[in-house]
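Here's the letter readout for the chains.
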Amino acid sequence: MQLLVIEDESKLAQYLHQGLREEGFAVDVAHDGVTGLAAALQHAYDLVVLDGMLPGLDGFAVLAALRQSRQTPVLMLTARGEVEDRVRGLRSGADDYLVKPFAFSELVARIQVLLRRAAATPAEATVLRLADLEVDLIRRRVMRAGQRVDLTNKEFNLLALLLRRQGAVLSRTELAAQVWGMNFDSETNIVEVAVRRLRDKLDRPFARPLLHTVRGMGYVLEVRA
């Protein structure tokens, strides 16, 4: 089993690297969010141990970006013990949450539980479909009615999130947090602009719209009669 540890505290990172290797795992270490996210997206790790407070990108932003294309099990570490932070991590897609300081034996036990759970769960589909829309998450390729649809990175991430949650209305707040890793600001129209550009590419050239606005609530990707 190959693990990735994303931890900026050098002593703790070294301790985890050595201890997990002694437990029989292959372990890579990254010391900041940007490097860690790149590694997590480039390699097929069995599990990621992710610190919540990181330079570059914090752990929540790393997790949100990772969840756009990967369902790798993630165990978050943090010095924060507040309920709100634990809830935020779990809602962002973390599979488990461990507050510092922690016993190494508990960390190993939680990792083993997550790995067993992942082994018992069928792998997530890498190609998502809705009507004549097809999205390849690995190749990051979008096809509609047999035609290639070229999207920017953010547009692709936005579409992938909506497609994974097809039929569910997603608010601007949730889209801002999941795609941009930011708290929603009512003065910012970044979500509306991105949705409009995505709709121009995804829907306008075709007969049937798939991306719909639900007034006062958000946006939904679905087939309507």
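Preceding this section is the structure that the text describes.
The model shown is predicted, which means the values in this text are computed figures rather than measured ones.

Overview of the overall build of the protein
A tally of regular secondary structure across the protein gives eight helices and 11 strands. Across its three principal directions, the C-alpha atoms of the protein cover 60 × 35 × 25 Å. Looking at the protein as a whole, 45% of its 225 residues are labelled buried. In the structure as shown, the protein presents an accessible area of about 11,700 Å², 49% of it carried by carbon and sulfur atoms. Taken together, the 30 basic and 29 acidic charged side chains of the protein have centroids lying 7 Å from each other.

With respect to the pairing of strand 7 (residues 133-136)
Taken together, the four bridges between strand 6 (residues 127-130) and strand 7 define a ladder with antiparallel strand orientation. Residue pairing across strands places Arg129 opposite Glu134, the latter belonging to strand 7. From the end of strand 6 to the start of strand 7, which pair antiparallel, there are two residues, and Ala131 there has a positive phi angle of about 55°. In this structure, the hairpin formed by strand 7 and strand 8 (residues 141-144) is closed by a connection of four residues, where Arg140 is found at a positive phi of approximately 55°.

Regarding the sheet that holds strand 5 (residues 96-99)
One open sheet holds the five strands; their spatial order is 2-1-3-4-5, and the pairing between them is parallel. The two strands at the open ends of the sheet, each matched to only one other strand, are strand 2 (26-30) and strand 5. Between one strand and the next, the sheet's axes are offset by a mean angle of 20°, whatever the strand orientation. In the packing of helix 1 (residues 10-22) onto the sheet, the strands contacted are strand 1 (2-6), strand 2 and strand 4 (74-78), and the crossing angle to strand 2 comes to about 170°. Lying over the sheet, helix 2 (residues 33-42) contacts strand 1 and strand 2, oriented at roughly 160° with respect to strand 1.

What to know about the packing of helix 1 against helix 5 (residues 104-120)
At a minimum axis distance of 11 Å, the contact between helix 1 and helix 5 shows a crossing angle of 60°. Put simply, helix 1 runs oblique to helix 5. Along this stretch, helix 1 crosses helix 5, giving a crossing that reads as right-handed. Judged by residue contacts, Tyr15, Leu16, Gly19 and Leu20 of helix 1 engage Phe104, Leu107, Val108 and Ile111 from helix 5. A class-by-class count of the residues in the contact of helix 1 with helix 5 yields seven nonpolar, one polar and no charged.

Conventions we followed
Residues numbered from 1 in each chain as written. Predicted model: local features only at pLDDT ≥ 70, side-chain atom pairs only at ≥ 80, totals over all residues. Heavy atoms only, no water. Helix = DSSP H or I, 4+ residues; strand = E, 2+ residues; numbered from the N terminus. Buried < 20%, exposed > 50% of the residue type's maximum accessible area, 1.4 Å probe, protein only. Areas by Shrake-Rupley, 256 points an atom, 1.4 Å probe, with all protein chains shown as cover. Lys, Arg positive; Asp, Glu negative; His and termini not counted. Charge placed at Lys NZ, Arg CZ, Asp CG, Glu CD. Pairing = 2+ DSSP bridges. Axes fitted to C-alpha atoms, helices over the stretch in contact; angles between N-to-C directions. Contact = heavy atoms within 4.5 Å. Parallel < 35°, antiparallel > 145°, perpendicular 65-115°, else oblique. Left-handed = near helix turned anticlockwise from the far one by under 90°. Nonpolar A, V, L, I, M, F, W, Y, C, P; charged D, E, K, R; others polar.

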